[in-house]
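# Analysis of the macromolecular model
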Amino acid sequence: KGVASLPEAIDLSHHLSALARARSVSPLKNLARYYGRPGIISLAGGLPSPEYFPFDTVKADILSSDKFVSTPDSHGSSSGPLSWLLSLFSSESDSTIPISIPKYPSTPTDLNLATALQYGVARGIPQLQSTIVAFTTRVFQPAYADATVLLHVGNTDGWSKAVTTLCNPGEGVLVSDWTYPSALETMYPQGVRAVPVRMDGQGMSATGLREVLAGWDAAARGMPRPHVMYIVPVGQNPTGATMGAERKQEIYNICVEFDVIIVEDDPYYFLQEGPYVHPTQRFSTFKQTDMSDDQYLASLAPSFLKFDYQGRVVRLDTFSKTIAPGSRAGWFTCNPIFAERLERAAETSSQGPSGFTQVLIGKVLQTWQDKGYIQWLKGLGTEYTRRRNFFIDTLLAKFHLEVVPADSPHNLFPGTVRYIASAKGAYLDEKRGSGAAARKPLFSFVPPTSGMFIWLQLHLEDHPKFKDVAKESLEMQLWVKLAEGGLLIGPGNMFAADKTASTASYPGHFRISFSNADDADLVKAIDIFAAVITKFHQDV
Ligand code: PMP
């Protein structure tokens, strides 16, 4: 629960779906709240005795928060791994610390297996829940008092539960033109359709949103005006766009005006990398790990929760990108009415993250404390910044890259820096003569300021087959050639919210992820990409 001086959430229960309204408390789960009462003898549930759990103690070696102290390194030069991260993964014995979770705790409130591996309440074990509540209040600062936290099994699960709780079949959800395909796949089988809103360099456009909502024609659209939005505001998947505070405020206000619930799916929140700076201008080696905790938290784009004085934001956080995807754990932050219905949904499905996950994540967070966890997040941000820089620096080395002038038709998003790439060297377009103007654009992109992805827009307009085949298939032809050449990337059409949009207006795209491959493989990947795309434009 939040700060007392803030307003309480307004009643938004009219947004609940018929399914959500029909749920009642699972009769057995209703008893669970009494289990913890001191002295109570429970013969009610089908609970196995913890004595028969074959785990006496769960032990693990975790990375030590002492190692998160940043050390000077070659970050500014864009290559060379960070020394602090290297030291983390060195085999020195002091680079890890042992943790241990016993079956029976010496103090009843300590994390323990007897409780965590038992049936429990769907909202999560109290020790993990309270740590997450404190973290959410400090970091995301909801603007209403009774923001409620409930664990889920990762954002995929969180979004799936949000859809069933908020949407009825036949309704539409506002999404960005380009969006995370799994989110759409969650909606479609439930009869919930995507309503695309145009984007710019910061993600969803506020003007675009207003146009869609204000001009809604239910008869023509065949559905009522959408009352739910799905948005990935930081390091958007696939475009990499990050939405600043001003845009979030504008979008929030529009959602208040049109009574829209915002579901904020924010897995990349802590992978904020800042603007890409050309290597020749990169004089500062300043990085996240050099900031104080408060400076660091203040430097991050705010969550929609920070503007949410009514309780109309359902925020989805996940440990997938900050601890590990296989942990399958995350949490909702939302108003208490929605939280209660989401908990009912969990009771008859996932229940909550596995007890093993909950004790292990709970223990890591207890061991690191806030200070250590925030240091870890700063370190992750620093690492992803290095990866982003390394990737774009390598593109710079392999292609002729220029910043698109503000008045160029290629500058799709005024106000954002867009790079346009052409083949390096003497490859010139005969039709246009020689010199700079003769450079044939191959692709362009806005350097991402967060997340794991770079979104390349293909410039196929000069391709000889441009007029003969749909551009989507030209994108796929190039994609197949890349795959055959040994490079797998995300074809843009996979991320289109409107699969029926005319391919005549379809610009080809690729989503490339710089999050996982090592530097040597990234260089090889860009080599393959350069060779294949250059040849693709030459071959007729
Ligand atoms: N939402 C978005 C936008 C994502 O990019 C991803 C991961 N690819 C997910 C959700 C999945 O998150 P989780 O592992 O928490 O289910």
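Residues numbered from 1 in each chain as written. Predicted model: local features only at pLDDT ≥ 70, side-chain atom pairs only at ≥ 80, totals over all residues. Heavy atoms only, no water.

## Examining helix α10 (residues 245–257)
To keep things clear, this is the line we draw: Helix and strand definitions here come from DSSP, where helices need a minimum of 4 consecutive H or I residues and strands a minimum of 2 consecutive E residues; each element is numbered from the N-terminal end. By definition here, a helix of n residues has an expected span of 1.5 Å times n minus one. Think of it in three bands: with a 1.4 Å probe and only protein chains considered, a residue is buried below 20% of the maximum accessible area for its type, exposed above 50%, and partly exposed in between. In this description, the arc belongs to the directions extending from the helix axis to the C-beta atoms. Contact definition: two residues touch when any of their heavy atoms are within 4.5 Å.
Taking 1.5 Å per residue as the helical rise, α10 with its 13 residues ought to reach 18 Å, and the 18 Å between its terminal C-alpha atoms agrees with that figure. Residues of α10 that are buried include every one of Arg 247, Lys 248, Ile 251, Tyr 252, Ile 254 and Cys 255, and no others. When α10 is viewed along its axis, its buried side chains cluster within an angular range of 160° and face the same direction. Buried residues in α10 make contact with β6 (199–200), β7 (203–204), α8 (206–214), β8 (228–231), β9 (261–265) and β10 (313–318). Note on α10: the residue one or two positions beyond its end, Asp 259, has a positive phi of about 55°.

## Topic: the layout of surface pockets
Under the convention used in this document: Note on definitions: the grid is 1 Å and covers protein atoms alone; a cavity is a set of points where a 1.4 Å probe fits but cannot get out; a pocket is an open set with protein on both sides within 12 Å along at least five of seven lines; lining residues have an atom within 4 Å of a point. Grid points are joined across faces, edges and corners, and a volume is the space filled by probe spheres set on the points.
There is about 1100 Å³ of room inside the largest pocket. Considering the residues around the largest pocket, the lining is formed by 39 residues, among which Thr 115, Gln 118, Tyr 119, Gly 120 and Pro 126 are closest to the centre.

## Let's talk about the pairing of strand β14 (residues 441–445)
Applied cut-off: For two strands to be treated as a pair, DSSP must find no fewer than two bridges joining them.
The buried count for β14 comes to 5 of 5 residues, which makes it a mostly enclosed element. Alignment of strand β13 (residues 419–423) against β14, held across 4 bridges, turns out to be antiparallel. Note that in β14 the partner of Ser 422 across the bridge is Pro 441. Pairing of β14 with strand β15 (residues 453–458), which is carried by 2 bridges, proceeds in the antiparallel orientation. Its bridge partner being in β15, Phe 443 is matched across the sheet by Leu 458.

## Some details on helix α15 (residues 519–538)
Taking 1.5 Å of rise per residue, 20 residues should cover 28 Å, and α15 covers 29 Å from first to last C-alpha, within 8% of that figure. By the burial criterion, the buried members of α15 are Leu 522, Ala 525, Ile 526, Phe 529, Ala 530, Val 532, Ile 533, Thr 534, Phe 536 and His 537.

## Brief notes about the environment of Glu 250
Tracing the sequence through the fold places Glu 250 in helix α10. Each C-alpha atom of the pair Glu 250 and Phe 307 lies 9.9 Å from the other, and the pair is 57 residues apart in sequence.

## Some words on the nonpolar core
Applicable threshold: By nonpolar core we mean a set of buried residues, namely Ala, Val, Leu, Ile, Met, Phe, Trp, Tyr and Cys, connected to one another through side-chain atoms within 4.5 Å.
Ranked by size, the top nonpolar core spans 94 residues in total, and within it Trp 159, Leu 209 and Met 229 carry the most contacts. Among the elements that make up this core, the one with the highest residue count is helix α13 (residues 355–398) (11 residues). Residues in contact with Leu 209, not counting those within four places in the same chain, are Leu 174, Val 197, Met 204, Met 229, Ile 251, Ile 254 and Cys 255. Listed in part, the 36 residues of the second largest apolar core include Leu 442, Leu 458, Leu 487 and Ala 530.

## Some thoughts on the sheet that holds β15
Put simply, the test is: To get an axis, fit a line to the C-alpha atoms, keeping to the stretch in contact for a helix; angles then go from 0 to 180 degrees between the N-to-C directions.
Pairing is antiparallel across the open sheet formed by 6 strands, whose spatial order is β12-β13-β14-β15-β17-β16. Two strands close off the open sheet at either side, each with one partner strand: β12 (399–403) and β16 (490–491). Relative to β13, β12 runs antiparallel, the two sharing 5 bridges. Looking at β13, one finds that His 400 is bridged to Ser 422. Running over the sheet, α13 touches β12, β14, β15 and β17 (509–513) and is turned about 110° from β12.

## Examining the sheet that holds strand β11 (residues 330–334)
Strand order across the open sheet formed by 7 strands is β3-β11-β10-β9-β8-β4-β5, with mixed pairing between neighbours. What marks the edges here is a single partner per strand, and that holds for β3 (148–152) and β5 (193–197). Each strand axis lies, on average, 25° off the axis of its neighbour in the sheet, ignoring direction. Bridge count between β8 and β9: 4 bridges; the pairing is parallel. In the sheet register, Met 229 faces β9, and the bridge partner there is Ile 262.

## Details of the confidence of the model for the protein chain
Rules: Confidence scores per residue from the predictor, reported as pLDDT, run from 0 to 100.
Across the protein chain, the average pLDDT comes to 88, with 86% of residues at 70 or higher. Taken as a whole, residues 68–84 scores under 50 in pLDDT and shows 47 contacts with residues more than four places along the chain or in a different chain. As scored by the predictor, the complex reaches a pTM of 0.91 and an ipTM of 0.99.

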